[in-house]
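Summary of structural features
Chain residues, written in single-letter form:
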Amino acid sequence: MGSHDKQDTASTDFDPSLPTPATRAGRDGLDALLARPERAVIALDFDGTLAPIVPDPDRARAHPGAVPALAVLAPKVAAVVVVTGRPAGVAVRHGGFAGVPGLEHLVVLGHYGAERWDAATGNVTAPAPHPGVAAVRAELPGFLDRIGAWHGTWIEEKGRSLAVHTRRAEDPQAAFDGLRGPLADLAARHGLIVEPGRMVLELRPPGMDKGVALAEYVRDLGAASVLYAGDDLGDLPAFAAVEKLRSDGVPGVLVCSGSTEVTELSERADLVVNGPAGVVELLRTLADRLG
């Protein structure tokens, strides 16, 4: 990324407790957010960003400090939006976002933006499911068995998509690498795509990703700045969307919820924090800085 100036030492007059982005673009984005918070969007991935990664996704829960920090920060900015590959309703339940004072206007964009949950109504809106998902759902268990990949892998049912996890395999990375091609072929036969993640391959409909969802949300809101925090390969389109918004004159900050598993994200980030605990600390510090 040409605008990434890791060696740029130009100073910015931030609060000492607020971490300084490593790039000029990131510092400009944080400057804009602090100058006009009422027109800033805070956008966040869920798993690995607000919630620690755990072996069983059904047991993932938001970091204990996440909701309190968001509840203090949200009234001071234009919007807080959670952008996740999970179904919106699952993210709401696992995050504990419903009915929280201060989060009355929170939005969760689930299934990469195909679903939307609004705290104001408590409703989820979504288009009809893609027919290819039902076809893959029926075929996937036998498919994994036939190619000898059943042992150590397991299928996560996500409603509008399906995910194959390899974290429990004897060699998770080898299982992940070996499944990428066969699952891509299976997905393509049914009009789906494969979204790789941290030891997980998700088969889902094309046409929507976190970048598309985030860009549409920011533009619809008429935001003057955006901060996006993520941790996984599925967050790369959102990073690209922020970079495009910056080139179009909307300053932005890219935050990586630090992971040694996904260096592609940390290399493009303006700011790297120490996982969900670091994200929570950043949110708290921003809220404090905004008074």
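Residues numbered from 1 in each chain as written. Predicted model: local features only at pLDDT ≥ 70, side-chain atom pairs only at ≥ 80, totals over all residues. Heavy atoms only, no water.

Overview of the sheet that holds strand 9 (residues 200-204)
The strand order across the open sheet formed by four strands is 6-7-9-8, and the pairing between neighbours is antiparallel. Only two strands of the sheet have a single neighbouring strand rather than two, namely strand 6 (154-157) and strand 8 (193-196). The average angle at which neighbouring strand axes cross in this sheet is 25°, direction not considered. Across four bridges, the pairing between strand 6 and strand 7 (residues 162-165) is antiparallel. Bridge pairing in strand 7 places E156 opposite A163. Lying on the sheet, helix 4 (residues 131-146) is in contact with strand 6, strand 7 and strand 9; it crosses strand 7 at an angle near 20°. Of the strands in this sheet, strand 7, strand 8 and strand 9 are in contact with helix 5 (residues 172-189), which crosses strand 9 at around 5°. (Pairing = 2+ DSSP bridges. Helix = DSSP H or I, 4+ residues; strand = E, 2+ residues; numbered from the N terminus. Axes fitted to C-alpha atoms, helices over the stretch in contact; angles between N-to-C directions. Contact = heavy atoms within 4.5 Å.)

A word on the pairing of strand 11 (residues 252-257)
Most of strand 11 is tucked away, with six of its six residues classed as buried. Burial along strand 11 is two-sided: G252, L254 and C256 and V253, V255 and S257, pointing in opposite directions, are all buried. Pairing between strand 10 (residues 225-230) and strand 11: five bridges, direction parallel. The residue bridging V226 from the neighbouring strand is G252, located in strand 11. In this fold, strand 10 hands off to helix 7 (residues 236-247), which returns the chain to strand 11; that crossover is right-handed. Inspection of the sheet shows strand 11 paired to strand 12 (residues 271-273) by three bridges, in the parallel sense. When the sheet's bridge partners are listed, C256 is paired in strand 12 with V272. (Buried < 20%, exposed > 50% of the residue type's maximum accessible area, 1.4 Å probe, protein only. Right-handed = clockwise from strand over helix to strand, strands pointing away.)

So, the packing of aromatic side chains
Inspection of every chain in the model, using the stated rule, returns two aromatic pairs. The interplanar angle of 85° and the centroid separation of 6.2 Å between the aromatic rings of Y228 and F239 together place this pair among those described as edge-to-face. Here F239 lies in helix 7 and Y228 lies in strand 10, a separation of 11 residues in the sequence. In this structure, Y228 and F239 share a single accessibility class: buried. Its end group placed over the ring of W154, R168 keeps NZ or CZ at 4.4 Å from the ring centre. (Phe/Tyr/Trp six-rings, centres within 6.5 Å; stacked < 30°, edge-to-face > 60°. Lys NZ or Arg CZ within 6 Å of the ring centre and 35° of its normal.)

What to know about the side chain of T84
Along the chain, T84 turns up in the loop between strand 2 (79-83) and helix 3 (88-95). A polar side-chain atom of T84 sits 3.0 Å from the main-chain amide nitrogen of R86. Those residues in contact with T84 that sit more than four places away from it in its chain are D45, F46, A91, V108, L109, G110, H111, Y112 and K210. (Polar contact = N/O pair within 3.5 Å; in protein donor to acceptor, adjacent residues only side chain to side chain.)

Quick notes on the pattern of salt bridges
Applying the stated criterion across every chain yields a total of 17 salt bridges. With its nearest N and O atoms 2.7 Å apart, the salt bridge here joins E195 to R204. When its relative accessible area of 12% is taken as the criterion, E195 is described as buried. The salt bridge partner of D248 is R219, with a shortest N-O separation of 2.9 Å. Of this pair, D248 sits in the loop between helix 7 and strand 11 while R219 is found in helix 6 (residues 210-221), placing the two residues 29 residues apart along the sequence. Under the relative-accessibility criterion, R219 is labelled partly exposed at 47%. Through salt bridges that share partners, D45, K210 and D235 make up one connected network. (Salt bridge = Lys/Arg side-chain N within 4 Å of Asp/Glu carboxyl O.)

Structural notes on helix 9 (residues 275-289)
The terminal C-alpha atoms of helix 9 lie 21 Å apart, and with 15 residues this matches the ideal 21 Å at 1.5 Å per residue to within 8%. Every buried residue of helix 9 is accounted for by G275, P276, G278, V279, V280, L282, L283, T285, L286 and A287. On its buried face, helix 9 sits against helix 1 (24-35), strand 1 (40-44), helix 2 (66-73), strand 10, strand 11 and strand 12. (Expected span 1.5 Å × (residues − 1).)

Considerations on the sheet that holds strand 5 (residues 123-125)
Here eight strands make up an open sheet; going across it, the order is 5-4-3-2-1-10-11-12 and the pairing mixed. Two strands close off the open sheet at either side, each with one partner strand: strand 5 and strand 12. Taking each pair of neighbouring strands and ignoring which way they run, the sheet shows an average axis angle of 20°. In the packing of helix 7 onto the sheet, contacts are made with strand 10 and strand 11, and the angle to strand 11 comes to roughly 160°.

Some details on the environment of S225
For S225, the location among the structural elements is in strand 10. Residue classification places S225 among the buried residues on the basis of a relative accessible area of 1%. Sequence separation between S225 and A32 is 193 residues, and the spatial gap between their C-alpha atoms is 6.2 Å. Sequence-distant contacts of S225, defined by excluding residues within four places in its chain, comprise G29, A32, L33, R39, A40, V41, V250 and P251.

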